[in-house]
Structure formats: structure tokens, C-alpha cells
Amino acid sequence: MMKISSTFTNFLKSAAIILIFLYLGKGITAISGLPIPGAIFGLLLLFLALNLRFIRYHTMLPASSFLLSNMTLFFVPVGVGLLQYGALLSQHWLAITASSVLSTVVVLLVVGHCYQRLTK
Amino acid sequence: MIYLWAIATIVVFLLLKKLLTPITSPLANPLLWSMSFFILLFSLSSLDYQQYKQANQLFIWLLEPAVVAFAIPLFNQVKQIKQQVAAILISCSAGVVVAMGSGLAVAYAFTSDKHLLLSLLPKSVTSPIAMAIANQTGGLAALSAAVVIAVGLLGALGGFTLLKWCNITNPQAQGLAMGCSAHAIGTAKAIETGKEEGAFSSLALVISGILTAILAPVFAWIIQGL
């Protein structure tokens with residue numbers, strides 16, 4: 001029983017820290033007016049806090065592994081949301097499909113080759 | 001009652017994941033088939049999509065803290081990252097310029113609709129950045145968001161296979177390529193694939209997102225002059 005409750009407390013602790021950093025990040029977005037989402041600033045701040053040993057890596061594991069290992073599931077409703085844009089997408093489907101597919105292929109190969117060559 | 005739709009998302013996803021695990025094809029992707037299932041369900045039946053959307057807000061809301069949580073795998077690989085700062089920055093910068101440049105060039109071959117071209121510009125970055133850029137440059141934020149999701153799925157489905165075909169086998173290179181081309185959806189896939197892949201994909205998502213926000217106005221200016 002003790003073990004279960006401390007596991008739960010650890011989860012809550014790490015979840016609270018993630019949320020605090022998310023809202024700090026949102027604050028920066030609101031104040032700066034930059035087109036960068038709060039979650040990205042939150043990520044950078046948390047990364048900084050971990051590097052400064054202000055927050056311990058192991059403290060963060062419970063909530064972060066929950067979030068990261070289930071992230072693909074969270075994207076399901078986002079994907080289903082494409083339903084709303086059916087008309088918009090089908091109107092220009094050829095231009096959208098061609099540029100999305102070709103450009104994604106080119107970016108994958110350019111970045112991959114570039115990094116692999118530079119680090120050889 | 002309405003939360004049954006959230007449970008339906010979980011059940012369908014886990015069931016498909018279990019069914020598809022033994023199949024090695026990249027098309028055996030539980031995300032692809034779960035969303036296809038619900039899209040077909042709402043297109044073919046009279047069930048109310050708005051109820052589904054409302055019930056599943058929880059998952060969409062969890063995506064933001066999940067992005068913050070990318071800091072943890074990133075920190076886990078901080079030594080490897082520090083060793084390769086220059087290579088990472090050069091590769092991501094090349095990726096960002098190529099993403100906008102090639103996307104624009106191909107789309108321009110089919111259309112000269114400036115709103116459409118502007119909406120397609122931020123297709124390789126995470127949707128909140130893409131929507132902010134679209135609003136700023138005069139694109140349609142909703143269209144950008146839709147294209148971003150489609151591009152992310154595309155990268156998650158075929159990215160690793162394509163990279164292996166083309167002899168890009170270094171896990172760090174694979175991760176960076178996924179993050180630059182397929183943002184958070186690609187990163188979710190990279191995290192499932194391995195620690196190094198996941199960390200480098202998170203890193204690429206951040207760097208390419210910020211660089212795209214900085215460089216998009218330049219490309220928008222080019223589009224205005226076309």
C-alpha cells in the first residue's frame with residue numbers, strides 16, 4: 001500500500017512539474033508575442049532546468065514516460081479531425097499531395113545525408 | 001455518456017495495435033488505421049462527429065504537456081548532442097530551407113493561388129507553429145493545420161523505411177530527419193523506435209520549428225512577388 005501511494009505521489013509530482021513548465025512557456029509566448037507555442041518554450045526551460053540540476057532526471061520519469069509512450073494514441077483524434085477539412089483538402093488535392101510527398105521525401109534525405117556525412 | 005467516445009478511441013487504438021504488431025510493413029500503423037476507422041465511421045453513418053470531438057479534447061490537451069516532456073529524452077542524450085552541435089544546426093537549417101523551398105516549388109507547378117502557397121509553407125513544423133505562421137503571412141490556418149497532420153502521418157508511416165533504403169542508418173541522422181520533416185507525429189514514431197532516434201527527433205522538431213518561424217516571412221515575401 002505504501003509503495004502504491006508513493007508511486008502515485010511521484011507521478012503527480014512529475015506531472016505537476018511538466019504543467020508548471022508548460023504554463024511558464026505559455027507566459028513567455030503571451031508576453032513575447034512570438035509565433036512559437038508555449039509548449040516549445042516549456043520544453044526548452046525544462047531542458048535547461050535538468051541541465052542545471054535544478055530538477056533531477058529521475059524525478060521526471062513517471063509522468064514523462066506516461067506521456068511519451070502514449071503520444072501516438074493522443075494523435076488519433078487529431079487525425080480524425082482531418083474529417084472537417086475534407087472539402088478544403090479535396091479542392092486542391094493535387095497540389096497539396098504532390099508538394100507534401102515530394103518535399104517530405106527530399107527533407108528526410110537531405111537532413112539524413114547531411115548529418116551522416118558531417119559526422120563521419 | 002459522452003466520454004464513451006474517448007474510451008472508443010483507446011479501445012480501437014489498443015485493439016488495432018495488438019492486431020498490427022505482428023505485421024512488419026510500415027503501413028501496419030495503428031494511428032493510421034484508428035483514424036481511418038473513425039473517419040469512415042463518421043462519414044458513412046449519421047453519428048455525430050462533434051460529440052466525438054468534444055469527448056476527445058482530453059487527448060488533444062495532453063499533446064501540449066507531451067511536447068514539454070520531450071525535454072527528458074533530450075536531456076538523456078545531452079552528451080551526444082553536445083558533441084555534434086555544429087552538424088545538428090547545419091543539417092536542420094538545410095532541412096528547413098529545403099522544406100519550404102521544395103514544397104513551394106512543387107506546389108507552384110500546380111497552382112499560383114497565393115493563399116494556398118502560403119498555407120503550404122509551414123507544412124513540416126508542429127501545428128501550433130504552423131498555424132501561427134499561416135496567420136502571420138496570410139495563409140489559411142485551418143488548411144495549414146490539416147496539411148501538417150497529413151505530412152506528419154506520411155513521415156511517420158514511410159520515413160524510417162525510406163531512410164533505410166537510402167542507406168541512412170545512423171540513428172541520430174534518422175531522428176533528425178524525422179523531426180525536421182514530420183514534427184511531433186514523426187517524433188512520436190521516433191521515440192517508439194529508439195532512445196537516440198527519439199531524442200534527436202525532439203531536437204530537430206524544436207530547432208526546425210524555430211528556424212521555420214524566423215525564415216517563413218522571407219518565403220512569404222517571395223510568394224507575394226510571384
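Here the residue index of a chain counts from 1 through its sequence in written order. Going through the entries in the order they are written, you letter the chains from A and number the ligands from 1. Residue-level local features of this predicted model are given only where pLDDT is at least 70; pairs of side-chain atoms are given and counted only at 80 or more, and the full residue set underlies all totals for whole chains, interfaces and linings. Water and hydrogen atoms play no part in the side-chain values, which are based on all heavy atoms of the structure.

(A) Main features of unusual backbone geometry. A positive phi angle, close to 60 degrees, is found at R53 of chain A, a residue other than glycine. Secondary structure follows DSSP: runs of H or I at least 4 residues long count as helices, runs of E at least 2 residues long count as strands, and numbering of each begins at the N terminus. Among the secondary structure elements, R53 of chain A is positioned in the loop between α2 (38–51) and α3 (57–69). The phi angle at H183 of chain B is positive, at roughly 40 degrees, despite the residue not being glycine. The topology assignment puts H183 of chain B in helix α11 (residues 171–193).

(B) Spatial organisation of the interface of chain A and chain B. Only heavy atoms enter the contact rule, under which two residues are in contact if any of them lie within 4.5 Å. Counting residues at the interface gives 67 residues for chain A and 89 residues for chain B. Summed over both partners, the accessible area (1.4 Å probe) lost when two parts come together is defined as the buried area. Taken over both partners, the interface formed by chain A and chain B buries close to 7,300 Å², and the fraction arising from carbon and sulfur atoms is 83%. When a carboxyl oxygen of Asp or Glu is within 4 Å of a side-chain nitrogen of Lys or Arg, the pair counts as a salt bridge. In this structure, the connection of chain A to chain B is made through one salt bridge. Listed by contribution, the elements that provide at least two residues to the side of chain A that touches chain B are α1 (2–32), α2, α3, α4 (71–80), α5 (86–91) and α6 (93–118) of chain A.

(C) View of the domain arrangement of chain B. All names here are of chain B. Under the domain assignment, chain B is made up of domain 1 (1–62) and domain 2 (69–225). Segment limits for the domains were obtained from an automatic or database-derived domain assignment. A straight line from the C-alpha centre of domain 1 to that of domain 2 covers 25 Å. Contacts between the two partners involve six residues from domain 1, matched on the other side by five residues from domain 2. Across the domain 1/domain 2 interface, buried area totals approximately 490 Å², and carbon plus sulfur atoms make up 77% of it. Its largest share of buried area at the contact with domain 2, domain 1 owes to P26, N29 and L31, together 62% of the area lost on that side. The interface formed by domain 1 and domain 2 includes zero salt bridges. N or O atoms closer than or at 3.5 Å make up a polar contact, with two conditions inside protein: a donor-capable atom paired with an acceptor-capable one, and, for residues adjacent in sequence, both atoms drawn from side chains. Our count for the contact surface shared by domain 1 and domain 2 stands at zero residue pairs in polar contact (both at pLDDT 80 or more). Residue type decides the class: Asp, Glu, Lys and Arg count as charged, Ala, Val, Leu, Ile, Met, Phe, Trp, Tyr, Cys and Pro as nonpolar, and the leftover types, Gly among them, as polar. Looking at the side of domain 1 that touches domain 2 residue by residue, the classes come out as five nonpolar, one polar and no charged.

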